[in-house]
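# Reading the structure
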There are 2 protein chains.
Amino acid sequence: MARVAAGPEIERLIQLLARLPGLGPRSARRAALHLVKKKEQLLGPLASALAETRDTIVTCDNCGNIDTMSACTLCRDPARDRSLICVVEEVGDLWALERAAVLNGLYHVLGGTLSPLDGVGPEDLFIARLVERAGAPEVTEILLALNATVEGQSTAHYLTDHLSGCNVVVSRLAHGVPIGGELDYLDEGTLAAAVKARKVM
Amino acid sequence: MARVAAGPEIERLIQLLARLPGLGPRSARRAALHLVKKKEQLLGPLASALAETRDTIVTCDNCGNIDTMSACTLCRDPARDRSLICVVEEVGDLWALERAAVLNGLYHVLGGTLSPLDGVGPEDLFIARLVERAGAPEVTEILLALNATVEGQSTAHYLTDHLSGCNVVVSRLAHGVPIGGELDYLDEGTLAAAVKARKVM
């Protein structure tokens, strides 16, 4: 067995860092050393930021977003268009859409996709609250911005069925060639969708 | 400008995570989300581990290693061979050698290499203390385990000169073909060194 040169505190820090996505055991060790070297500028602030996040973060009861209060900043924003609810799988998808700054509606984070093989049923996702929200009189459209995967699309079909009773339009994102994408590198499914949905110039 | 969906606490956490080596802005965002999702198992423990490291970590006055006490665990270990001091550039190099478990001596961490162009002179490194340690009667060998780079090697030459007054053997690591290395992928300098230092089977 390899000997350990660092104290147990640092070994524990390395093990925890190695559990972050994108860091392995070797890069976690490098990150730990970097933190120790930049004690004032990085280690201290990061420790405080993590403690603050741990102590303040909550899931929004209304939409499933994460924030330091519930309802979240987006749900409370009076400038948001309350007639449109955009349904996403994860908070990361919400962040991606907000970065694109293309929607001014509200969001609803499901917390995953239906996956019977993994034992994820409708009651494990934040679906009941979505149906409740869709029934509100001001809501006119539910945009299903789910991943274009088998799980995402079967979840979208399930939701479409369950929202059919509400007086809302249920829409989905367009499929097609990504901006900057080269046809040569695209799969047949995407190309077929792009041809089928072709537009007049 | 892209809109921000997360509160300022999380934005700050993402910015700090992005400053770790190996993480960029996108992977820092993914790491932050992962932390928030695994609040109990990962975010909390990591916050505590960082705070503990921040509060307890010190640099060993004797050898420059980092630990929670000075003198460090290695310097205090009575099982260590006090006649050999292995000089390394950074604490990461010390960790690498300890993982290899190939040395039972003490270490000395310089904290970098001489680099006149970047304004790093002998007084900026932990050299004075090394010369002091090399003068102790029990020390018989100083092994310069510096990187095989121009800076590492010129620092090694400088140290060899400055240690000539002490009654010690100054040695360096062997150059050659790395274990598992393929000749085809090695540079000419390494191959030349390996041929020059060839051994009888």
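Residues numbered from 1 in each chain as written. Chains lettered and ligands numbered in written order. Predicted model: local features only at pLDDT ≥ 70, side-chain atom pairs only at ≥ 80, totals over all residues. Heavy atoms only, no water.

## Some points on the layout of surface pockets
- Considering only enclosed or pocket space, the largest pocket measures out at about 740 Å³ in volume.
- If you trace the largest pocket, you find 28 residues lining it, with Asp93, Ala96, Ala145, Asn147 and Leu173 of chain A closest to the centre.
- Every element with two or more residues in the lining of the largest pocket is listed here: helix H5 (91-100), helix H7 (150-162) and strand S6 (169-172) of chain A together with helix H2 (25-37) of chain B.
- Counting residues per element, the lining of the largest pocket draws most heavily on H5 of chain A, which supplies seven residues.
- Residue classes in the lining of the largest pocket are distributed as 14 nonpolar, eight polar and six charged.
- The space that makes up the second largest pocket amounts to roughly 410 Å³. (1 Å grid on protein atoms, 1.4 Å probe; cavity = no way out; pocket = protein on both sides within 12 Å on 5 of 7 lines; lining within 4 Å. Points joined across faces, edges and corners; volume = space filled by probe spheres on them. Helix = DSSP H or I, 4+ residues; strand = E, 2+ residues; numbered from the N terminus. Nonpolar A, V, L, I, M, F, W, Y, C, P; charged D, E, K, R; others polar.)

## Describing the domain arrangement of chain A
- Under the domain assignment used here, chain A contains domain 1 (8-56) and domain 2 (66-172).
- Taking the mean C-alpha position of each, domain 1 of chain A and domain 2 of chain A sit 34 Å from one another. (Domains from an automatic or database assignment.)

## Re the pattern of salt bridges
Residues and elements named next belong to chain A.
- With the rule as written, the count across this model stands at 10 salt bridges over all chains.
- For arginine 80, the salt bridge goes to aspartate 77, with nearest N and O atoms at 3.9 Å.
- Judged by relative accessible area, which is 28%, aspartate 77 ranks as partly exposed.
- A cluster of three or more residues bridged by salt bridges with shared partners is formed by Asp77, Arg80 and Glu98. (Salt bridge = Lys/Arg side-chain N within 4 Å of Asp/Glu carboxyl O. Buried < 20%, exposed > 50% of the residue type's maximum accessible area, 1.4 Å probe, protein only.)

## Some points on the nonpolar core
- With 78 residues, the main nonpolar core has Leu17 and Leu50 of chain A together with Leu17 and Leu50 of chain B as its most contacted residues.
- Sequence-distant contacts of leucine 50 of chain A, that is, excluding residues within four places in its chain, are made with Leu13, Leu35, Leu43, Leu46, Ala47 and Leu50 of chain B. (Core = buried A, V, L, I, M, F, W, Y, C linked by side-chain atoms within 4.5 Å. Contact = heavy atoms within 4.5 Å.)

## Side note on the sheet that holds strand S4 (residues 106-109) of chain B
Residue and element names in this part refer to chain B.
- Taken in spatial order, the four strands make up an open sheet running S4-S3-S5-S6, and their pairing is parallel. Each edge of the open sheet is held by one strand with a lone partner, namely S4 and strand S6 (169-172). Between one strand axis and the next, the sheet turns by 25° as a mean value, whatever way the strands run.
- Lying on the sheet, helix H6 (residues 127-134) is in contact with strand S3 (84-88), S4 and strand S5 (141-144); it crosses S4 at an angle near 155°. (Pairing = 2+ DSSP bridges. Axes fitted to C-alpha atoms, helices over the stretch in contact; angles between N-to-C directions.)

## Regarding the environment of arginine 30 of chain B
- Along the polypeptide, arginine 30 of chain B turns up in helix H2.
- Classification of arginine 30 of chain B by relative accessible area gives partly exposed; the value is 46%.
- Spatially, the C-alpha atom of arginine 30 of chain B lies 40 Å from that of leucine 103 of chain B, the residues being 73 residues apart in sequence.
- Every residue in contact with arginine 30 of chain B, bar those within four places of it in the chain, is listed here: Pro21 and Gly22 of chain A.

## Regarding the side chain of serine 171 of chain B
Residue and element names in this part refer to chain B.
- Within the secondary structure, serine 171 is located in strand S6.
- For serine 171, a relative accessible area of 18% corresponds to the buried category.
- Polar contacts involving the side chain of serine 171 include one to the side chain of glutamate 141, which spans 2.7 Å.
- Sequence-distant contacts of serine 171, that is, excluding residues within four places in its chain, are made with Glu141, Ile142, Leu143 and Leu144. (Polar contact = N/O pair within 3.5 Å; in protein donor to acceptor, adjacent residues only side chain to side chain.)

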